[in-house]
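Structural features, examined
These are the residues of each chain, in order.
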Amino acid sequence: MIFKMPCIFSIAWGLNPRLLRLQNVTLFKMTEHFTFNTPMTKFLAFIFCFFCSIGYSQSVKIYPPSNEQVYIHTDKKAYVAGEMIWFKAYVLSEYTPSDLSKNMFVEIIDRSGAIIISNHLPIIWGTSSGNILLPLDLPEDVYILRAYTLIQAKKKEIKFIQVLPILNPSNNQKKKVVSQKTEAAEFQQAENISIKFNDLNPGELVISKNNENEYLGDLSLRGSILGKLVFDQPLKNAFPIKVKLPLNALPSGVLQVALVENKKKILAKKSTFVNNQDFSIEPIITTDSMSFNAGGSNVFNIEFQDSITGSFSFSVTDMEKELKSISQNNIISTFLIPSHVQLPASTLLIKDSISKINDELSKMEFYNYSGVVDTVTSDLPYIQIKGWAFKKKGKVKEKEISFILQAKDSSTNFLEVPIDKDGKFVIEDLVYEDSATIYYQLHNELFDINIDYDTLPKIKNNINIPQEEVDKTIAFLQESAVQNVVAKEIHKELVDANTKFKSLKEVVVSTRKPSKAMLVNKKYTSGMFSSTSNSKIMDLINDPPSSKAGNVFDYLQSKIAGLSITKKSATNYEVTSTRVMSLTGGKIPASIFLDEVLLSGTDMAASVPISQIAMVKYYTPGSLNLPSIGVAPVLVIYTKKYDDMVATDMTGNKFFKYPGYAVTTNFEEYTAGATGNYNIISTLFWEPEAIVQLEKKYTIRFVNHKGAKRMHLVFEGFTDKGKLIHIEKDIVSPE
């Protein structure tokens, strides 16, 4: 479907784009970001307390809130070639769901740094969901899952990467790749200077200098969280320097402090984890019903202490067929500490674990595992189409162009787009999958248009592979004989299912076939429009009109008994019934629909080339019981779907195609066998759009199709206030 996103959202936060037209709920106003309990308020309190603690009053340089963080929840941590990766991306900015970026990029990268698969997806109120089907013949290896926004790419702040083992018993000769050393940052720690936090009280630090005779210039202490400078404060040049930071006033996360000389040279750095227990909510999982039988129904409740609003995802996997990985990251650990530091969420929730976390941070202090994607373009307003209208002689005088946007599922949007004095135009805020066919029309001029297909930034990939973690993962896979047996079973099921699906497609079943026109009617119509009673069907796919037929109204003249069509101007026609008169004795105008959408006139339908019309249905007066139609005759015009467009249709200059977002697959349809894979192997259930609105409980229902005896549940996401939630539970049959 195609959606034109509003400039100011008035939709339910966190909802899937497919549901946008069904919602009209304003969730929260911008002022709520600055209520007393928000991180911004705590930050301002921190600045005040910090000044008081060290006795200085110099103003602090604060950068605007523009940084973003990304986390991806996948249904599993490791996969077999041929499986589907189900995922949901979460984007935070300043500790709340981000409204900065509209576009998400999710990639699978091999160990040489080559991008194997790339998905471009829309971000709706800080979340984006999708899926990636791994090729059956994808070589077994350890890959990298990476996700980023264009804002992160421009600022070179791509932080989310996840080591992704993919097994393939049929192709397990791992690619020989020269080990890549992780690039060290330009900064070199001064041997003479050290910063040490007090393990018992992380808010206290001591800056020491070994050589007392060495002269140092003006010193200052800088602190940053999530890449944002939170203070830059002068210090007295008298060693040892003791500083007490009021960490209780800061939001939780990694605080990096740096000792700077003469405002330029960094002499020493150190990081500590701020743990104020303010970053998460801990719900509980309760059970209404549980079944370990094939086809059994399961009902679980996620219960919160208070009413919340948020967006979450929920996965259930078969533990006996789920492959393992050394990765322990989740939404809490990813948003609070660097992605390459492997610590479970349970560690972060413990107050006295600061020392352990700081030890891990110190090992990775000056390394960058994220890599960069070079681009000079900021984020785009979803799908953006730029172009310009021109004539062979002179300028285009019209002020607007009429566009009809048709997605592959035949959903249609109508737009009037302004043209500037140079003929340029921009269509923004479009959300659709795969590609769209876009028709255009100027009412009174002969013209053509050029389209800029390069609106997405030129991206130069440069990733630093976390080699140590990759090597550990490879060793883990090689040592796990059980995993290899499981992978072999799963891959065989996938290959068999794929072969069976191909065979079924090739089977020809001899049955009594309906007419071609009835097949077209079944394909294009829905609801009451699918009725064939008291109707006339004109199939323009199997009985195409002449190229000289003009538009659809020119073509229909004198072809439908009881319908009068009179041309008034280029695209304006009078369409009336000749058999029914109004109470005043006048003609009754026909109700005209384009793709089952009621039109106010004939202009739009007349603008569609006749070669792009699939079918026309005419209902006699009073035969179609639709609201506000009454006894009027009904004329329904259907434009061709993507697969009915023939090559000759693509040579005209009155439409063009434009790429959209990656195609997403519905989990339930996939489970039911719509793609030929009835068994989802180890993933029993996946719900990426678990939306909670001012509720204390979220109920999840799913069917245990395979009769799994050991199930692993994961529920995670964030609230509208930026509180993180991650909860896991193993459910094992007592048998």
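A short tour of the structure in this document, coming up. (Residues numbered from 1 in each chain as written. Predicted model: local features only at pLDDT ≥ 70, side-chain atom pairs only at ≥ 80, totals over all residues. Heavy atoms only, no water.)

What follows concerns the side chain of His-120. Turning to its location among the elements, His-120 is positioned in strand E7 (residues 115–122). Under the relative-accessibility criterion, His-120 is labelled buried at 15%. A polar side-chain atom of His-120 sits 2.9 Å from a polar atom in the side chain of Asn-103. (Helix = DSSP H or I, 4+ residues; strand = E, 2+ residues; numbered from the N terminus. Buried < 20%, exposed > 50% of the residue type's maximum accessible area, 1.4 Å probe, protein only. Polar contact = N/O pair within 3.5 Å; in protein donor to acceptor, adjacent residues only side chain to side chain.)

With that out of the way, let us pick up the environment of Met-538. Mapping Met-538 onto the fold places it in strand E28 (residues 535–539). Residue Met-538 is classed as buried on the basis of its relative accessible area, which comes to 12%. Considering only alpha carbons, one finds Met-538 and Ile-560, 22 residues apart in sequence, at a separation of 9.7 Å. Beyond its immediate chain neighbours, meaning those up to four positions away, Met-538 contacts Tyr-555, Leu-556, Lys-559, Ile-560, Ala-614, Met-615 and Val-616. (Contact = heavy atoms within 4.5 Å.)

All right, on to the sheet that holds strand E12 (residues 204–209) then. Ordered in space as E11-E12-E15, the three strands form an open sheet in which the pairing is antiparallel. Here the strands that pair on one side only, and so sit at the sheet edges, are strand E11 (193–197) and strand E15 (241–244). Taken pair by pair, the neighbouring strands of this sheet meet at an average axis angle of 15°, ignoring direction. Here E11 pairs with E12 via five bridges, running antiparallel. Bridge assignment links Ile-193 to a residue of E12, and that residue is Lys-209. (Pairing = 2+ DSSP bridges. Axes fitted to C-alpha atoms, helices over the stretch in contact; angles between N-to-C directions.)

Turning next to the nonpolar core. The biggest cluster of nonpolar side chains holds 37 residues, and the ones touching the most others in it are Val-106, Ile-108 and Leu-134. Of all the elements in the fold, those that place two or more residues in this core are strand E2 (69–74), strand E4 (84–93), strand E6 (103–109), E7, strand E9 (141–149), strand E10 (160–167) and helix H3 (331–336). In terms of residue count, the dominant contributor to this core is E4 (six residues). Other than its neighbours up to four places away in sequence, Ile-108 contacts Ile-85, Ala-114, Ile-115, Ile-116, Ile-117, Ile-132, Leu-134, Tyr-143, Ile-144, Leu-145 and Leu-164. Residues Tyr-555, Leu-594, Ala-605 and Ile-637 belong to the second largest nonpolar core, which totals 29 residues. (Core = buried A, V, L, I, M, F, W, Y, C linked by side-chain atoms within 4.5 Å.)

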